[in-house]
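Each chain, letter by letter, is given below.
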Amino acid sequence: MLDDLGRMFSWLMAALVRPVSGLYGEFDLRPGDRDPGPGLPARYGGADRPGVTGTTHVRDLHRDLRELGFLLAPEDTAEFTTATWLAVMEFQRYASLSDAATEREPRAATLLDEVPPDASLLHVSAASAFPPQGPFRVLAGEEIMEVTAVTTARTTGTDAALKVTRGMEGTAAAAHARGAEVELIRWSDRLVPAHAPFYERYADPVTGVVNAWTRFVLRRWKEGRRRCPIVVEAWELREGRPDRLHTIPAAEGRPARRAGNVWGAREVTATGPRLYVRDLTSTWRRPSRPPIVPERPELDVTGDYRVLGDYAGPRAWPEFGHTWRPEGEMLPEHLLPATEPGGSGPTLGQLIEAGDAAALGTYKVVRAVSEVEAIGYFDCMNAYDRAFVSLGPCHWTAGLATGPSPASAVDEGELWGFMAYLKATDRYAFAQAVGRFGVDVGTEWGQDGAALFEPGQRKYTGRPALPREGGGRYELGKVEEYDLFRGWHWFYRLQMAGRTVDGFRRAMWDMARLRLRDVGETPWDGPAEPPTWTVPGPDGPRPARIKDVITSERGMAIVYRWHIRAPANMVSAGPASEPPETRRIGRAGPVLRAACEAAIREEPGLFTGSPDTWGDAAEQALVARLRAQGGASVEYVHEWPRQVSASRGFALPYELLPDHGDGRRLDPARGSFHLDTRGLPPPP
């Protein structure tokens, strides 16, 4: 109690005057800083300090961050690098939470008796060095043992008795002398959850600069043996189950080490291990559900490592057991608006029973395409290609790298268009997903998303923004900055948002429908050319739009999927010969136009008159041409749900879908697609 009062008083004085920690010379360490070296003066707080000699403030910062569990920080390096900046930001993020962790004390126990090779019970000196119950693994000498139970101590006090299985992970059972150390194998086993009162938290912006409050809180963490409360681990599998921690091979002068605290996207470069998270916080409102690994209920699955050319990073696919089933599946009850506050959306059966053709047809189209893009799961994500991270039913990308080098530029991404929409419509969900971790959107949505809208391709794009030390914010633009979203902790955050943040998931329904609306409303012809067709409108004839030419569920699903894969094929800007004011306005893209023209050449009799007079045969001819050119992903959509794989574990009851004459598929009839536009913002 007295300690708490003392810490609270210390915090109050810091808030009233200035936080003082005694760390790092009270300099605000930042990118570009360095310790003094041969021929180089010290640089602290962004300025050269030739009068400061013999200091190791940056090295000390790296050592402290690694001690607290933030292994993004470089080892024994005198320069404040991008990795340092990332590690400081992660400390600031975790230090702002109401939950933390503390390290067990002591870190190891000693044997109270000699232990022969056949013994199954170890008497140890300190029960506090171990979890209160098994299973967990310990190391004694060169032998690894699995503790299956912690039994009553031999004597009163702090002693404990550990029931063990000997010679695990290929080690040999051996004799151990009295007094030998016994320590835990896993870093996460050494941690226990701890509440962080308000006067122990970091409350300033997440800037990556070691400002006064960062130093103040960091010192508190050191004194209280606080540690990062979320730990990512790479496990080797045995019969599909986690068996042992993966060992990262020795490289670049570093010894081999267990992958018990993983941060960087390329830290574990083997594709066999599966990555799990041990989360000691209540950051996410988890539903009541069975554990992913019953024998290790503390583990939450996140994914594995994959390489694609010059890029690499995490992947989470349902076929490999990386997703929550069925909680992570894009079922209508998880995606569509809740039928009552705090409730769920309608089930597929309820959608069908309600007879709402627009809601049902739109869901079918979105779902069919999501099975290509996101394999039908909110927590199915990619972070191994040049898009950094992709998620959602359209797998919106964080941005596309123009090259693999750290200084390469990154194009705007649709993920930030979605995040801007989420922030505008559900600030709580935005805060839960990314805002509380210090990330904002560079451009606000406004009323209609016009500032983010690319009319030539009919999509919404933007950039993430981070706060600047001293005020303001800046948009990320380089590979080395965007790479923070490729790391395992960010991957887990976005994955958990998809699993547990209701508003985050339901906003995806809106964003998916916005794409369908904006593509469908695209004029078939550009404004500088005469219309190919006109169709009846409420105010008289008007030029045809894409939605007038392709009108079936099956056809619009194909156009929608193709637009996600290659927007310019379905919608494109005008030729360079057009005036700039009209060139940027979208119109039907070259592939879509070519497919239509080919269908008309082959069977001109089906296409007499304007599109509003065409029949089912015309629609099927158009779809057939698109199908012939579209490849495997278009074929999947065309045949949906015939090609669904059992390994994906879908819970959607496909057998309830209406039969349109060729199975329970997307409706091929002309005019069968009716977009559900309820609740959408106005067009930009």
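Residues numbered from 1 in each chain as written. Predicted model: local features only at pLDDT ≥ 70, side-chain atom pairs only at ≥ 80, totals over all residues. Heavy atoms only, no water.

Enquirer: Would you mind going over the nonpolar core in detail, with residue names and values included?
Expert: Core analysis: the largest hydrophobic core is formed by 157 residues, its most contacted members being M419 and F504. With nine residues, the top contributor of residues to this core is helix α12 (residues 502–520). Each residue touching M419, except ones within four places of it in the same chain, is listed here: F430, V434, V441, L494 and F504. Membership of the second largest hydrophobic core comes to 19 residues, among which are A129, A140, A160 and V164. (Core = buried A, V, L, I, M, F, W, Y, C linked by side-chain atoms within 4.5 Å. Buried < 20%, exposed > 50% of the residue type's maximum accessible area, 1.4 Å probe, protein only. Helix = DSSP H or I, 4+ residues; strand = E, 2+ residues; numbered from the N terminus. Contact = heavy atoms within 4.5 Å.)

Enquirer: Summarise the pairing of strand β25 (residues 464–467); cite the residues concerned and give the values.
Expert: A two-sided burial pattern is seen for β25, the buried positions comprising P464 and L466 on one face and A465 and P467 on the other. Where strand β22 (residues 440–441) and β25 come together, two bridges link them in antiparallel fashion. The partner of D440 across the bridge, within β25, is A465. Pairing geometry for β25 and strand β26 (residues 473–475), over three bridges, is antiparallel. Residue pairing across strands places A465 opposite E475, the latter belonging to β26. (Pairing = 2+ DSSP bridges.)

Enquirer: So, the environment of R542: which residues are in play, and what are the values?
Expert: Mapped onto the elements, R542 comes out in strand β28 (residues 542–543). Using a relative accessible area of 17% as the deciding quantity, one classes R542 as buried. Here R542 is in contact with W533, T534, V535, P536, G537, K547 and D548, once residues within four sequence places are set aside. At 2.8 Å, the side chain of R542 and the side chain of D548 are in polar contact. (Polar contact = N/O pair within 3.5 Å; in protein donor to acceptor, adjacent residues only side chain to side chain.)

Enquirer: Outline the layout of surface pockets, supporting the account with residue identities and numerical values.
Expert: Approximately 540 Å³ is the volume found for the second largest pocket. Surrounding the second largest pocket, 29 residues form its lining, H395, T397, L400, I564 and R565 being those nearest its centre. Counted by class, the lining of the second largest pocket contains 12 nonpolar, seven polar and 10 charged residues. (1 Å grid on protein atoms, 1.4 Å probe; cavity = no way out; pocket = protein on both sides within 12 Å on 5 of 7 lines; lining within 4 Å. Points joined across faces, edges and corners; volume = space filled by probe spheres on them. Nonpolar A, V, L, I, M, F, W, Y, C, P; charged D, E, K, R; others polar.)

Enquirer: Break down a nonpolar patch on the surface for me, citing the residues and quoting the values.
Expert: Together, F9, L12, M13, L16 and V17 line one region of the surface with nonpolar side chains, adding up to about 530 Å² of accessible area. Relative to the helices and strands, F9 is located in helix α1 (residues 2–16). Assessed through its relative accessible area of 53%, F9 is described here as exposed. (Patch = residues over 30% accessible without salt bridge, like charges linked within 9 Å, V, L, I, M, F, W, Y side chains within 5 Å. Areas by Shrake-Rupley, 256 points an atom, 1.4 Å probe, with all protein chains shown as cover. Salt bridge = Lys/Arg side-chain N within 4 Å of Asp/Glu carboxyl O.)

Enquirer: Pulling in residues and values, what's your account of the packing of aromatic side chains?
Expert: One pass over the full model with this rule turns up 28 aromatic pairs. Geometrically, the ring pair formed by Y421 and W445 is edge-to-face, given 5.1 Å between the ring centres and 75 degrees between the ring planes. Within this pair, whereas Y421 is found in helix α8 (residues 414–425), its partner W445 is found in the loop between β22 and β23 (453–454), the two being separated by 24 residues in sequence. By relative accessible area, which is 3% here, Y421 ends up buried. Note on W445: relative accessible area 4%, which makes it buried. (Phe/Tyr/Trp six-rings, centres within 6.5 Å; stacked < 30°, edge-to-face > 60°.)

Enquirer: Account for helix α14 (residues 553–565), with residues named and values stated.
Expert: Its 13 residues place the ends of α14 18 Å apart at the C-alpha level, agreeing with the 18 Å of an ideal helix rising 1.5 Å per residue. The buried count for α14 comes to 12 of 13 residues, which makes it a mostly enclosed element. Those residues of α14 not exposed but buried are E553, R554, G555, M556, A557, I558, V559, Y560, R561, W562, H563 and I564. (Expected span 1.5 Å × (residues − 1).)

Enquirer: Let's hear about the pattern of salt bridges: which residues, and what values?
Expert: Applying the stated criterion across every chain yields a total of 68 salt bridges. The partner of E105 in a salt bridge is R225, with the nearest N and O atoms 3.9 Å apart. One end of the pair, E105, is in the loop between β3 (99–103) and β4 (108–110); the other, R225, is in the loop between α4 (212–223) and β11 (226–227), with 120 residues separating them in the sequence. By relative accessible area, which is 55% here, E105 ends up exposed. Measuring nitrogen to oxygen at the nearest pair gives 2.4 Å for the salt bridge that ties R670 to E619. One end of the pair, R670, is in the segment after α19 (632–639); the other, E619, is in helix α18 (residues 616–630), with 51 residues separating them in the sequence.

Enquirer: Give me the lowdown on the sheet that holds β11, citing residues and values where you can.
Expert: Note on sheets: strands pair through backbone hydrogen bonds, and any given pair is parallel or antiparallel. Spatially, the three strands line up as an open sheet ordered β10-β3-β11, and their pairing is antiparallel. Two strands lie at the open edges of the sheet, namely β10 (191–195) and β11, each paired on one side alone. Here β3 pairs with β11 via two bridges, running antiparallel. Each bridged residue has a counterpart across the sheet, and for T102 the counterpart in β11 is R226.

Enquirer: Kindly report on the sheet that holds β26, identifying the contributing residues and their values.
Expert: A sheet is described by the order of its strands in space; here three strands give the open sequence β22-β25-β26, paired in antiparallel fashion. Edge positions in the sheet fall to β22 and β26, since each of these pairs with one other strand and no more.

Enquirer: Lay out the environment of F650 in plain terms, naming residues and giving numbers.
Expert: Take F650: it is sitting in the segment after α19. Considered as a pair, F650 and I375 are 275 residues apart in the sequence and their alpha carbons are 9.6 Å apart.

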